[in-house]
Amino acid sequence: MPYQRIKFYQTGSLAVGNRLLAEDQRSVQSTAGRSNALTCGHRACQGCGEALGARYALDAVHRATQGQMIAVNATGCLEVFSTPFPETSWQIAWLHSLFGNAPAVASGVAAALKAMGRTDIRVVGQGGDGGTVDIGMACLSGMFERNDDVLYICYDNQAYMNTGVQRSGATPPAARTATTQAVGREPGNRFGQGKNVPLIAMAHEIGYVATATVADLRDLEYKATRAMDFHGARYLHILVPCPLGWGSAPADTIKVARLATESGLFPVFEAETGAVTSSTPIRHRVPVTDYLRIQARYAHLFRPRERTEVIARIQAAADRNIARFGLMPADISAERTGLPAPVPVTSPAGLGLEGR
Amino acid sequence: MDKPFAITLDVGSSRANHTGAWRTERPVYVDLLPPCNNACPSGENIQQWLYDAEEGPARYEAAWRQIMADNPFPAVMGRVCYRPCETACNRAQLDSAVGINSVERFLGDEALRQGWQVPVAAAPTGRRVLVVGAGPSGLSAAYHLTRLGHQVTIKDAGAEPGGMMRYGIPKYRLPRDILDAEVYRILDMGVTLELNTRVTDIQAELAGPRSDSKLSERVDIFKDGEFDAAFVAVGAHIGRRAYIPAGDSARIMDAVTMLHGMEEGAVPMSGPMLGRRVAVYGGGNTAMDAARTARRLGASEAVVVYRRTRERMPAHDSEVEEALEEGIQMRWLSTVAHAEAGKLLIEKMKLDETGFPQPTGEFEELEADCLVLALGQNADLSVLEGVPGVAFSDGVVEVGPDLMTGHPGIFAGGDMVPAERTVTVAIGHGKKAARSIDAWLCSQGGRPPQTPPQGAGNAYAAPAKHGLAEFGGLNTWYYADAPATVRPRLEAARRITTFDEVTGGLDESTALFEARRCMSCGNCFGCDNCYGVCPDNAVLKLGDGVYEIDYDYCKGCGLCAAECPCGAIEMQPEPS
């Protein structure tokens, strides 16, 4: 448990707000005066997870930096839906250059601020999984290697959604995309490919790496805020469901993200200088089919017949995550008692050697 | 053109783009009827007072006043109510029902500790109402009528007020200092109480001593009389007898008399009268009370004889459970065929297909020094006999939906009208009757009603009910795992030697914990989820727990409705 759960019987810290909490215990998103880094009128689809995740993360960074921040954006949905010329949805200093160079531009902004003596202004680089995992990978790795003072946030919706749902290096196995159709012997995206950028970031032994989802706001806000305690390169990877590309109902965006973590398919953890320091335990474990069934990109796993062998491989991946990141602590009653759960710490070497 | 290089248009905010036009469905905040409120026979707004209590000590008084708006007996309720609210509670489907009754008791006791009183805000109306019977129904009616500004006189045959709360419910379930405190709090509001006054003729009572002409010839019995309306709630105090062939020396008594005698201190069945082995015949709550009282009076064996099975017992499960803990024995599927000194002849029964017990012809003996009959109670209806228009059926008074009898201005409630016979139902009748009487008095001229009648004519009609908040409408992910707290109970071994209260109360911290387990089904409790989860910032937060949908930007994705823990947002088709 990376942050102190509020021991409180009603919604505790599970809901966005809580009228019974003292002001300093409330989430950023629950405050009437939150900065709304991304404001109304943007052209994201109904129920867009990325729009939500970006506001969650940047509002938290905004509070942590008292508004002294600059965001550098890669090309992608987030950039396209928020800034059709001449309108902008951004209420923060915001910069866009190219698809693949956002980490490098962010490094440059940080260097410029340093040269100007404005070390009070912090820099955030951000992009989707396409701009991060594939196209921007070299720039990102360089930014990590140089340990530039940038927090890079990847909003992972697991494919190139803006251009029509093409496969990316973050697309999970068996998922149908425009370029991995549900046909042939192995329908959907192939197993054994793709990159796990949080682990790649950890391999650079940068100060802080964390994963989060839009289903756990308190966790996400904690990590965005915690990242600002560090200087140097930091990486935050946020799972943001995409109703269009995943074929899920717009109203189910948060539910899908919740099922991704509760099934173990998306491990939520944080790491410092290459070592996992804590992971968020699963609260009510579910089989992966609960997660898969409500997404049309996995429909071929259930129709015309249930592809049990494929589902079993996905379930095995979830089980491996649970074991690897300690998502099911022995004392699963931790949530009930409100006590912090014992979290096993995995060595960076062990993490680096295990493949996908 | 004094724009920067390559810039042709002014920079604008995306707020110019009203994305609300995309919408086919719109989220709408709703208020649904929580199942607890729906189940409460006294019509308490349970969810509201739990909401107040959740906020801690500063709001306990507000929570208590919310109870008092409907029910003047929180401390009594917290001990004797059979908790239909908890049976209905949606949380039972998640882990276990909210301990509503425990919280009510805590608030009731806290009010007694703090000496909180209820002021009479309404101006005196000058109208006088006679209440016959100082039981839960009569006292509740008196309380509500007084708050509406009417002058109330209660007449009761007993030596002390309280009715069945005093003479039917044993001390170990309802300590008398608690009962007295809540009863006298009502009386101190300005209610006149005349004890040891049995009303035998309601018409004469209403006419008062100044009446001269023949009552039967009077068109309006209220004209020039002592009172302007009457509420009759004399209860059901007559133990029902069944014919049981018995020897000359068989000792048989009824449970109502036994419990009543206990209270008056007469204890007609103490020691030698009651005997060492006591059999109680019947399967209701009164049977449990009688058996448990006998045990406390020194009976070494108390056996309940009932003709059906435990599942079919009308007694509340918790009472059966506590009785069993105290060593009460149960003889299911048995009837008493014959009684004589020292023993009973029991016939075994079996249930037929319809669940009705049928004799089997098998007999056995049961040693018993005394047989206590707890076969139900009848109401003494003589008080209303001969009143024009008043009708009776099946031993109870017929009343309309407003609790008015067939005679205008005379209302009846509690155990003497057709309804479930519990304290909570009786208190609910008192409230309902008070509203009906108020509406009726207003219809007789004088002043506009305090509680505006909404039904046809001049009858009081409750506002239309909201749709029920079902469990399926909740998103229970958001409720923290929190098993119910358990109230402390006296050990069984200690119970049978004393009339001390069996069930203890919760302390402040555990009561607060329990209040906070409420899921606020169907009504916003200000969790900010809708405000947080909207990807379009289309939910505005106007204050703690006050939100508004900004339909200029709401795209109608439905995330707010899906993630609302308590189901207080509905997606409705966009009006075309």
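Predicted, not measured: the structure shown is a model, and the values here were computed from it. (Residues numbered from 1 in each chain as written. Chains lettered and ligands numbered in written order. Predicted model: local features only at pLDDT ≥ 70, side-chain atom pairs only at ≥ 80, totals over all residues.)

Tallying secondary structure elements over chain B gives 18 helices and 22 strands in all. By principal-axis analysis of the C-alpha atoms, chain B measures approximately 120 × 60 × 50 Å. Burial statistics for chain B: of 576 residues in total, 50% are counted as buried. A fraction of 70% describes how many contacts in chain B between residues 6 or more apart in sequence connect residues 24 or more apart. (Helix = DSSP H or I, 4+ residues; strand = E, 2+ residues; numbered from the N terminus. Buried ≥ 20, exposed ≤ 12 C-beta atoms within 10 Å, placed from the backbone. Contact = placed C-beta atoms within 7 Å.)

The subject of this paragraph is the overall build of chain A. Across its full length, chain A holds 13 helices and nine strands. Considering only intrachain contacts with a sequence separation of at least 6, the fraction spanning at least 24 residues in chain A is 68%.

The next subject is the interface of chain B and chain A. Tallying the contact residues gives 46 residues for chain B and 40 residues for chain A. Elements that contribute at least two residues to the side of chain B that touches chain A include exactly β1 (12-13), α17 (529-533) and α18 (559-563) of chain B. When the residues that make up the side of chain B that touches chain A are grouped by side-chain class, the tally is 21 nonpolar, 12 polar and 13 charged. (Nonpolar A, V, L, I, M, F, W, Y, C, P; charged D, E, K, R; others polar.)

Attention now moves to the sheet that holds strand β12 (residues 334-340) of chain B. All names here are of chain B. Here three strands make up an open sheet; going across it, the order is β12-β13-β14 and the pairing antiparallel. Looking at strand neighbours, the two that pair on one side only are β12 and β14 (357-367), the edges of this open sheet. Each adjacent strand pair in this sheet contributes to an overall mean axis angle of 25°, direction not counted. One ladder, built from six bridges, connects β12 with strand β13 (residues 343-351); its direction is antiparallel. Opposite E340, over in β13, you have K343 as the bridge partner. (Pairing = 2+ DSSP bridges. Axes fitted to C-alpha atoms, helices over the stretch in contact; angles between N-to-C directions.)

Residues of chain B with pLDDT of at least 70 account for 94%, and the chain-wide mean is 90. Reported confidence for the predicted complex is 0.91 by ipTM and 0.90 by pTM. (pLDDT = per-residue confidence, 0-100.)

What follows covers the pairing of strand β5 (residues 150-156) of chain A. Residue and element names in this part refer to chain A. Within β5, seven of the seven residues are buried, which leaves it mostly tucked inside the rest of the structure. Burial along β5 is two-sided: the residues V150, Y152, C154 and D156 and L151, I153 and Y155 are all buried. Pairing of strand β4 (residues 122-128) with β5 involves six bridges; the strand directions are parallel. Across the sheet, the residue bridging to G127 is C154, located in β5. As judged from the six bridges shared by β5 and strand β7 (residues 234-239), these two strands associate in the parallel manner.

Residue and element names in this part refer to chain B. The strand order across the open sheet built from five strands is β5-β4-β3-β6-β19, with neighbouring strands paired in parallel fashion. Either end of the sheet is taken by a strand with one partner, and the two such strands are β5 (192-194) and β19 (410-412). Averaged over all pairs of adjacent strands, the angle between strand axes in this sheet comes to 20°, irrespective of strand direction. The pairing of strand β4 (residues 151-155) with β5 spans three bridges and is parallel. Its bridge partner being in β5, T153 is matched across the sheet by T192.

A few words on unusual backbone geometry. Note the cis peptide between F85(A) and P86(A), where omega equals 5°. The amide bond that connects R303(A) to the next residue, P304(A), takes the cis arrangement and shows omega of 0°. Tracing the backbone shows P304(A) in the loop between α10 (288-293) and α11 (308-325). At R83(B), a position not held by glycine, the phi torsion is positive, near 55°. Here R83(B) shows up in the loop between α4 (74-80) and α5 (84-88). Here L333(B), not a glycine, exhibits a phi torsion of approximately 50°, which is positive.

What follows concerns the environment of A562(B). With respect to the element layout, A562(B) can be found in helix α18. Judged by the 21 C-beta atoms lying within 10 Å of it, A562(B) falls in the buried class. The spacing of A562(B) and N475(B) is 87 residues in sequence and 7.3 Å in space, taken between C-alpha atoms. With sequence-adjacent residues up to four places away left out, A562(B) is seen in contact with A251(A), D252(A), K255(A) and N475(B).

This part takes up the pairing of strand β9 (residues 277-281) of chain B. Residues and elements named next belong to chain B. With four of five residues buried, β9 lies mostly within the body of the structure. Where β9 and strand β10 (residues 301-305) come together, five bridges link them in parallel fashion. Paired with Y281 across the bridge in β10 is V305. Following the backbone out of β9, through helix α12 (residues 285-296) and into the adjacent parallel β10, one traces a crossover that is right-handed. The pairing of β9 with strand β15 (residues 370-373) spans four bridges and is parallel. For V278, the partnering residue across the bridge sits in β15 and is C370. (Right-handed = clockwise from strand over helix to strand, strands pointing away.)

Residues and elements named next belong to chain B. When helix α13 (residues 317-325) is considered as a whole, its buried residues turn out to be E319, E322 and A323. Across the axial projection of α13, the buried residues extend over an arc of 105°, all falling on one side. Relative to its buried face, α13 has exposed residues pointing more than 90 degrees away, namely D317, S318 and E321. Contacts made by the buried residues of α13 are with α12. (Arc of directions from axis to C-beta.)

When the domains of chain B are assigned, the result is domain 1 (16-31 + 524-573), domain 2 (128-237 + 378-443) and domain 3 (241-376). The C-alpha-based centres of domain 1 of chain B and domain 2 of chain B are spaced at 50 Å. (Domains from an automatic or database assignment.)

Residue and element names in this part refer to chain A. In this fold, M116 is placed in the loop between α3 (102-115) and β4. A count of 9 C-beta atoms within 10 Å places M116 in the exposed class. Sequence separation between M116 and N18 is 98 residues; the distance between their C-alpha atoms is 42 Å.

Residue and element names in this part refer to chain A. Relative to each other, α3 and helix α5 (residues 137-146) sit at 35°, their axes nearing to 7 Å. Listed contacts from α5 to P103, A104, A106 and S107 of α3 are C139, L140, G142, M143 and R146. Among the residues forming the contact of α3 with α5, the class breakdown is six nonpolar, two polar and one charged.

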